[in-house]
Amino acid sequence: MIVESLPFLLKGTLVTVWLTALSLSLGLIIAVPVSFLQVYGGRVSRFICSIYEKTFRSIPLLVLLMLIFYGLPEIGIRLEPFLACVLGLAIRSSAYQSQIFRGAILSVSKGQTLAAYSLGMSRMQTFWHVVFPQALRFSIAPWTNELTVVLKDSSMAYALGVVELLRQGSYIVARTYEPMLIFLTCAAIYLILTVSANKIFAAIEKKLTIPGFEMREVLH
Amino acid sequence: MDDVVLKVEDLRKRFGSLEVLKGVSFEVRRGQTVVILGPSGTGKSTLLACINRLVEPDSGRVFLEGEEITSKNAQKMRQKIGFVFQDFNLFNHLTALDNVRIGPMKVQKLSKEEATEIALEQLRKVGLLDKANHYPSQLSGGQKQRVAIARALAMRPTLVLFDEPTSALDPELIGEVLSVMTDLAKEGMTMVVVTHELGFARSVANEIIFMEGGVILERGTPEEFFTNPKTDRARQFLKKLSELYGEKAR
Amino acid sequence: MSFLQIVQQALPRLLNGLVVTLYLTMFAAGAGLLIGTALCVGRVFANRFVSMLCAGFIELIRGTPMLVQLFILYYGLPVYGIRLSPLVAALIGFTINSAAYQAEYIRGAVQSIGAGQMRAAYSIGMSKWQAVRLIILPQALRRVIPAWTNEFIYLLKYTSMAYIIGAPEMMAQAKFIASRNFEFFKVYLLTALIYLSIVWLSAYVFSQLEKKLRIPGTILGER
């Protein structure tokens, strides 16, 4: 039974992975400038970014998805379910990712920035040569966490009818009446995905470790 | 009376590839204060931790008043051994009074009234009765350590172990802790003290044990040790320390 | 319809849903704390077998989506004759899920306390469980308050998932109203605003609570 349904589940898994990858990337693209502005920007931009991230971390993903999918058509923007989900996941993820990057940048001690300035480096140079390499390493662990969050939350695309892993599972259940078996299999696939993602990024983190330098935890 | 309170027999301990204790043996009689001196990192702290079994030795035996301390009876025996840590290790969520009386109350199962009475008495003896309701984070280093001593004493131990009790303190706070320890020794408490405070060692100790590299290199009375060290290492050590602390070796 | 009219029409129902949302959240956060503490203690302090069991359970729950867990409870259990109502399935599902996450937060707090406290407890003759109960947990549970607050707010948002299995919380009410008056944007916007307010209100209340419970002299998050 499981073997028969595997092809369908794998189709769904592909959609899930694709959803996750797109949303995460779009979120990244939005989050980087936002985090930048929050750390280095003027008072107005800091305020706007703050409102942005606080808002999108305070409303449920489902509400956001509904607003985008059912609500936007009222002002003329009609997105198909998959795109609506990508947009919703991306906006929500960008809010969290911006906080990760902001935290990582702030974790690089001010003393090093001062040292760079006193060597005559410009702000740009200081950021690129001193802050960025370290902030990047600090971001990896929490970003990996965010990756697994987006991966798991992609299951909410079910609510918009997107045929990702969970919905494929429910279609199979409708045919075979074996909900426990099928949904447990879905759970297992998700587990394999999250564990693999964790392992891959842990390895990446290890490769980038500066010998002897402890990894500090970025809390958010 | 030649009453042996603590007998340590051939203790050995290694951490991975590093052998920290290479067969240490000594005895402490009732009422004696034994001070262990030596360079840092030579197993002195490990030795103390092995005595009350906070660390499990690889081989060797420890006897408290004739009874062997094993991992099975360690918890019970620890009630009779007081331990004062270098980092104080006061319970941060409890006031000074609670820190001192939690042992009598929860471990010795005394009533709250009895435990409180004992705790207040010990706090008075270390001079901190007025700080009974303060939390550790509101106390200075010296005050914290004195509460830690009170906490150990509230259990009415037969023996008290001190692991570099003043090493984490600012110089001006060391005195208050040493004076509490000196009074304790004068009252006849059996003590084993690991320290770098040579003045204390000279004036309070009944016996000096000099350790390096996991073995006891020399032992003797303070007079013997400070005026006539037998081994070269001991001589070098004393010379270095007196240069550092400005104490002239007579 | 104007926004104000929508508010008038939709608010009563939405607030009804809000009650269920809050109920789900508080139950899951509270029960999750108790079960999470037990899981954490089992993982950190118990023997190897129990420890592995707890760790395995925690990783299992944290590695799979909450929605899948809800589906297993609501659609899967009937196979064995256990038929749960949507609300009960949601309660159980959110509680178990929260317990697994909270177990990890508490574990972080326990590890931040440092071995010295345990040694000191042993040195006055406490047993391992006495030390855990009297010395480690009281400190760890205080340190975990910020994370617990986060978890509470997380639950506030994620209980919206329960509408998918038919629980009558706020999201379900919003969908109901919107599918009748077709004012999707305005209704969901109102819903979003309500969530926003509740989240900010909770964050404020908890930060005040945290200040009250602080051990005098410590700065939050320090040692």
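Residues numbered from 1 in each chain as written. Chains lettered and ligands numbered in written order. Predicted model: local features only at pLDDT ≥ 70, side-chain atom pairs only at ≥ 80, totals over all residues.

## As for helix H7 (residues 165-176) of chain A
Okay, step 1: Its 12 residues give H7(A) an end-to-end C-alpha distance of 16 Å, which sits within 8% of 16 Å, the value for a rise of 1.5 Å per residue.
Okay, step 2: Those residues of H7(A) not exposed but buried are Leu165(A), Leu166(A), Arg167(A), Gln168(A), Gly169(A), Ile172(A) and Val173(A).
Okay, step 3: On its buried side, H7(A) packs onto helix H1 (2-40) and helix H8 (179-208) of chain A together with helix H3 (66-76) of chain C. (Helix = DSSP H or I, 4+ residues; strand = E, 2+ residues; numbered from the N terminus. Expected span 1.5 Å × (residues − 1). Buried ≥ 20, exposed ≤ 12 C-beta atoms within 10 Å, placed from the backbone. Contact = placed C-beta atoms within 7 Å.)

## So, the interface of chain A and chain C
Okay, step 1: At the interface, 28 residues of chain A touch 28 residues of chain C.
Okay, step 2: Contributions of two or more residues to the side of chain A that touches chain C are made by helix H2 (43-58), helix H3 (61-71), H7 and H8 of chain A.
Okay, step 3: Sorting elements by how many residues they give to the side of chain A that touches chain C places H8(A) first, with 10 residues.
Okay, step 4: For the side of chain A that touches chain C, the residue count by class is 21 nonpolar, five polar and two charged. (Nonpolar A, V, L, I, M, F, W, Y, C, P; charged D, E, K, R; others polar.)

## Concerning the nonpolar core
Generally speaking, soluble globular proteins have nonpolar side chains that are buried together.
Okay, step 1: Of all hydrophobic cores here, the largest spans 205 residues; its most connected members are Val63(A), Leu65(A), Cys186(A), Leu67(C), Leu70(C) and Tyr188(C).
Okay, step 2: Aside from chain neighbours lying at most four places away, what touches Tyr188(C) is Val63(A), Met66(A), Leu67(A), Tyr70(A), Gly71(A), Ala174(C) and Ala178(C). (Core = buried A, V, L, I, M, F, W, Y, C linked by C-beta atoms within 7 Å.)

## Overview of the interface of chain B and chain C
Okay, step 1: Between chain B and chain C, the residue contacts involve 22 residues of the former and 20 residues of the latter.
Okay, step 2: The set of elements that each furnish at least two residues to the side of chain B that touches chain C consists of helix H2 (74-77) and helix H3 (96-107) of chain B.
Okay, step 3: Top contributing element to the side of chain B that touches chain C by residue count: H3(B), with four residues.

## Focus: the sheet that holds strand E6 (residues 81-84) of chain B
Residues and elements named next belong to chain B.
Okay, step 1: Strands sit in the order E6-E7-E8-E3-E9-E10 across an open sheet of six strands; the sheet is mixed. Looking at the sheet topology across the chains shown, the edges are occupied by E6 and strand E10 (215-220). Here the average twist between neighbouring strands, direction ignored, is 15 degrees.
Okay, step 2: Note that strand E9 (residues 207-212) and E10 share five bridges and pair antiparallel. Looking at E10, one finds that phenylalanine 210 is bridged to glutamate 218.
Okay, step 3: Running over the sheet, helix H5 (residues 141-153) touches E6 and strand E7 (159-163) and is turned about 170 degrees from E6. (Pairing = 2+ DSSP bridges. Axes fitted to C-alpha atoms, helices over the stretch in contact; angles between N-to-C directions.)

## Here's the deal with the arrangement of the chains
Okay, step 1: Taking contact number as the criterion, the leading pair out of two pairs of chains in contact is chains A and C.
Okay, step 2: Separated throughout, chain A and chain B approach each other most closely at a C-alpha pair spaced 20 Å apart.

## A short note on the pairing of E9(B)
All names here are of chain B.
Okay, step 1: Summarising burial for E9: six of the six residues are buried, a large majority.
Okay, step 2: Alternating residues of E9 divide into Glu207, Ile209 and Met211 and Ile208, Phe210 and Glu212, and every residue in both groups is buried.
Okay, step 3: Here strand E3 (residues 33-37) runs beside E9; their pairing, made up of four bridges, is parallel. Bridge pairing in E9 links isoleucine 36 to isoleucine 209.
Okay, step 4: The hairpin formed by E9 and E10 contains two residues between the paired strands, and glycine 213 there has a positive phi angle of roughly 60 degrees.

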